[in-house]
Amino acid sequence: MRRFLWPLGLFIILVGFLAAGLGLKPREVPSPFIGKPAPAFRLSQLHAPERITGPESMRGEVWLLNVWASWCGSCREEHPVLLELAQRKLVPVIGLDYKDERQAGQSWLARNGDPYLLSVFDQDGRVGIDYGVYGVPETFVIDKAGIVRHKHIGPLTDAVLNEKIIPLVKELNGA
Amino acid sequence: MIPELGHFALIVALAVALVQGIPTLIGVVRGDMRLMALARPAAQAQFLCVATGFGCLVQCFVSNDFSVRYVAEHSNTLLPMLYKVTAVWGGHEGSMLLWVMLLTVWTMAVALFSRRLPRETVTAVLAVMGLISVGFLAFVLFASNPFERLLPAAAEGRDLNPMLQDPGMAFHPPMLYMGYVGFSVAFAFAIAALISGRLDAAWARWSRPWTTVAWMFLTLGIALGSWWAYYELGWGGWWFWDPVENASFMPWLLGTALIHSLAVTEKRGCFKNWTVMLAILAFALSLLGTFLVRSGVLTSVHAFATDPKRGIFVLGFLVVVVGSSLTLFAWRAPKVGRGGLFELFSRESLLLLNNVLLMAATGAVFIGTLYPLCLDALDLGKISVGAPYFESVFVPLMVPLVLLIGVGPLARWKAARWKDMARPLWLTAGLVLPLALAMPLLSGRWSLFVACGLALGLWTIAASFAQIVVRVAGGTAGPWARLASIPRAQWGMMLAHAGVGVFIIGVTMVKNYETAVEVRMTTGDTASVGGYTFTFQGIEELNGPNYIAARARVEVSRDGSSVGVMHPEKRIYTVQRMPMTEAAIDSGVFRDLYVALGEPLDIRTWILRIQHKPLVGWIWWGCVLMALGGLLAATDRRYRLAGRTADAAAPMPGAI
């Protein structure tokens, strides 16, 4: 009988792994940018095409870079969270309008509300590639020295904000 | 009203499934005929209830009832009617309902077509299928109810994912699910045999046609999915070793092994435990596939919305079903006697080798698919396993298997003699080898890899043909009479094996001779790929029902004469603002031309990706041949006859 129990034993081990897998988040690939300077960019602002902005303009502040696009469904999901964050004035958020049309991006913000200090416009997605963006939305926490401290993939939620991002911002501001 | 009706129908179905599963099984164990008599009517009632529920969901989509959350999330008033219907299984809840729907279709089929089987067997099979249905109906009702209301109703739906707005959506998921779910019949037969302790040739003969039909659907489902990915994703790949693809491929590999080992169990009465094990594992892998797709434990292009609660439910169900059946196996298997003896070189031993190779291939795919998960669970880092691993492990396992296709069917049961088989095999090899060595020369670039691939493909086809020749040539009757005497099952086997050969030739040619260029083109520019000249004749704007598109006109010519005009498109679906590439494909017997629009550089200049893919269509035609072979084998005359004599439950003498 014992040798016929082997399949059952192997199956139990497999179930252990699968159960452990449920608690994991395979989409959270650790970003190689963490602890490194935020990649530089020079992009025109979404609402003011003649104004060029780069990450150096935020030097000395802790800020968030939020990658969004008017075509992105999950961005709509996280938008109320961002709007509330903007109201609390805890941390400035720069938007990176990723692979979008200028008109579409502007009217999307006009319709849904604009939580951003400003948005930069990354029409061909080059800057997104520099930041290793592979799904929109994504949010980066960047410290006073311009170092990427944290990356969140997917829509922000109240829980993520309150448990991870805001404590981190406070800590970075305190330091 | 209609959503509530559908919801209610599913609740009733759950109750009926409990009746189909529990008292009937008690009846089987106690030998109580009255309890056993419940099984068939319950199966029919369950089918009616689930079909009602399914019909209600279809009606919700057709009538744009956006007060149903699932409809609001997956449909839109502008969505064309065909896609409103296919959107029913465009999301998680609906595809689980489709799963249950097809399970009841299979159950119904078993109830209808096995009237001649012993009552205990049919009842036990229907009971096991009822219990599976209980699990999935409970899952639908408690963790993924498609009829949940959205109040207040949405004004407009969020539209079906543009990727799924394709005729392929009408066929790929139902076919694939028919295959997945179909293995539940083989599973139920195995469990029924373990419960009754009657693991005999009759059992194998009964489950054979069901397994073959399920395998046929799975083959078609996978092929359709691959073809769909080829023309819809816009870059011309046809297999990605994506976790979800692997999840469907593993049951296919095991199902293939099961078909072969069932043959041995039926003809010679050996491998009984092994066959039961395979039947359990094939269905377990179908459930595992459901778990992998539904729980989001692996990253995949099939990005369904995931919910940990659902993952826990499916895992729990997997534990109950597979755990209990493996326990039953461990308890019952030691009492099963060994079958007929066979020599080291015989059809049995060759089929055993076939099973070992297929099992190893399944294991290789399994390890590659779950390795990232295991590493992550042990906190050893995040990795992904890609095509290079799968190809380098999978191909070497397939080479001997493909060689066996030529040898196995010629070998005799019990004890084969090389002397009898040598002549046709040497003749086949003598025909195939020079052809395989010479054919790559025609394309101008000889490579050992291509020659080997072609040799394997041609070997499979020629050897299958040779098997027919051997049968016709031997014996005293006239050749026509002998040809007519070949049973349909044998034609099926030959056709399916030849399909493998066609598939291999297609893969070999595409892998080695496809050419692709990415060119920047302005109106009037030409590009030359694979001997064809492509002229970009500009872009026009186009309005679809729920999208806007830029459509290019590309004229194709060869040696100065026109071949046709191709119209690749770039679409923006207006509701989800999602860009989609609609490649233009000119399919032929010997090559596909594939043109996809890339990014626009300015109004008149676009990046175009142009590909020439020799014999790519053979990949899917090979699969169609395999499926057709399955169909022929499953409808063999002796299954219809066998039913009539089955009450005797006597082991069949070793025919063929």
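Residues numbered from 1 in each chain as written. Chains lettered and ligands numbered in written order. Predicted model: local features only at pLDDT ≥ 70, side-chain atom pairs only at ≥ 80, totals over all residues. Heavy atoms only, no water.

Honestly, the overall build of chain B in this entry has me stumped. Any pointers?
Along its length, chain B carries 20 helices and 10 strands. Whereas a compact globule of 656 residues would reach a radius of gyration of roughly 26 Å, chain B reaches 27 Å, a difference of no more than 12%. Across its three principal axes, chain B shows a C-alpha extent of roughly 75 × 70 × 55 Å. Within the span of chain B, comprising 656 residues, buried residues form 58% of the whole. Pairs at least 24 residues apart make up 73% of the contacts formed inside chain B by residues separated by at least 6 positions. With an accessible surface of roughly 26700 Å², chain B has 67% of that area assigned to carbon and sulfur atoms. (Helix = DSSP H or I, 4+ residues; strand = E, 2+ residues; numbered from the N terminus. Rg over C-alpha atoms; globule rule 2.2 N^0.38 Å. Buried < 20%, exposed > 50% of the residue type's maximum accessible area, 1.4 Å probe, protein only. Contact = heavy atoms within 4.5 Å. Areas by Shrake-Rupley, 256 points an atom, 1.4 Å probe, with all protein chains shown as cover.)

Sorry, what's going on with the confidence of the model for chain B here?
Predicted coordinates in regions of low pLDDT should not be interpreted in detail. All names here are of chain B. For chain B, the mean per-residue pLDDT works out to 87, and 94% of the residues sit at or above 70. Segment residues 643–656: pLDDT under 50, and 21 contacts once partners within four positions in sequence are set aside and those in other chains are kept. Scoring of the predicted complex yields 0.83 for pTM and 0.78 for ipTM. (pLDDT = per-residue confidence, 0-100.)

Mind showing me how you'd approach the packing of aromatic side chains here?
Given two aromatic rings, their pairing is described by the distance between the two centres and the angle made by the two planes. Residues and elements named next belong to chain B. Under the definition given, this model contains 30 aromatic pairs over all chains. Considering the side-chain rings of Trp 238 and Phe 503, the 6.2 Å spacing of their centres and the 90° angle between planes classify their relative orientation as edge-to-face. Of this pair, Trp 238 sits in the loop between helix H9 (201–232) and helix H10 (243–268) while Phe 503 sits in helix H18 (residues 488–513), and the two are 265 residues apart along the sequence. A relative accessible area of 17% places Trp 238 in the buried class. Overall, the relative accessible area of 24% leaves Phe 503 in the partly exposed class. On the basis of an interplanar angle of 80° and a centroid distance of 6.0 Å, the ring pair of Phe 271 and Phe 342 is categorised as edge-to-face. (Phe/Tyr/Trp six-rings, centres within 6.5 Å; stacked < 30°, edge-to-face > 60°.)

I would appreciate a short explanation of the pattern of salt bridges in the present structure.
Opposite charge on two side chains lets them pair, provided their charged atoms get close. Residues and elements named next belong to chain B. One pass over the full model with this rule turns up 19 salt bridges over all chains. Between Asp 65 and Arg 149 there is a salt bridge, with the nearest N and O atoms lying 3.8 Å from each other. With Asp 65 in the loop between helix H3 (39–62) and helix H4 (69–74) and Arg 149 in the loop between helix H7 (119–143) and helix H8 (168–196), the pair connects residues that are 84 residues apart, well separated along the chain. Overall, the relative accessible area of 28% leaves Arg 149 in the partly exposed class. One network of salt bridges, with partners in common, ties together Glu 4, Asp 65 and Arg 149. (Salt bridge = Lys/Arg side-chain N within 4 Å of Asp/Glu carboxyl O.)

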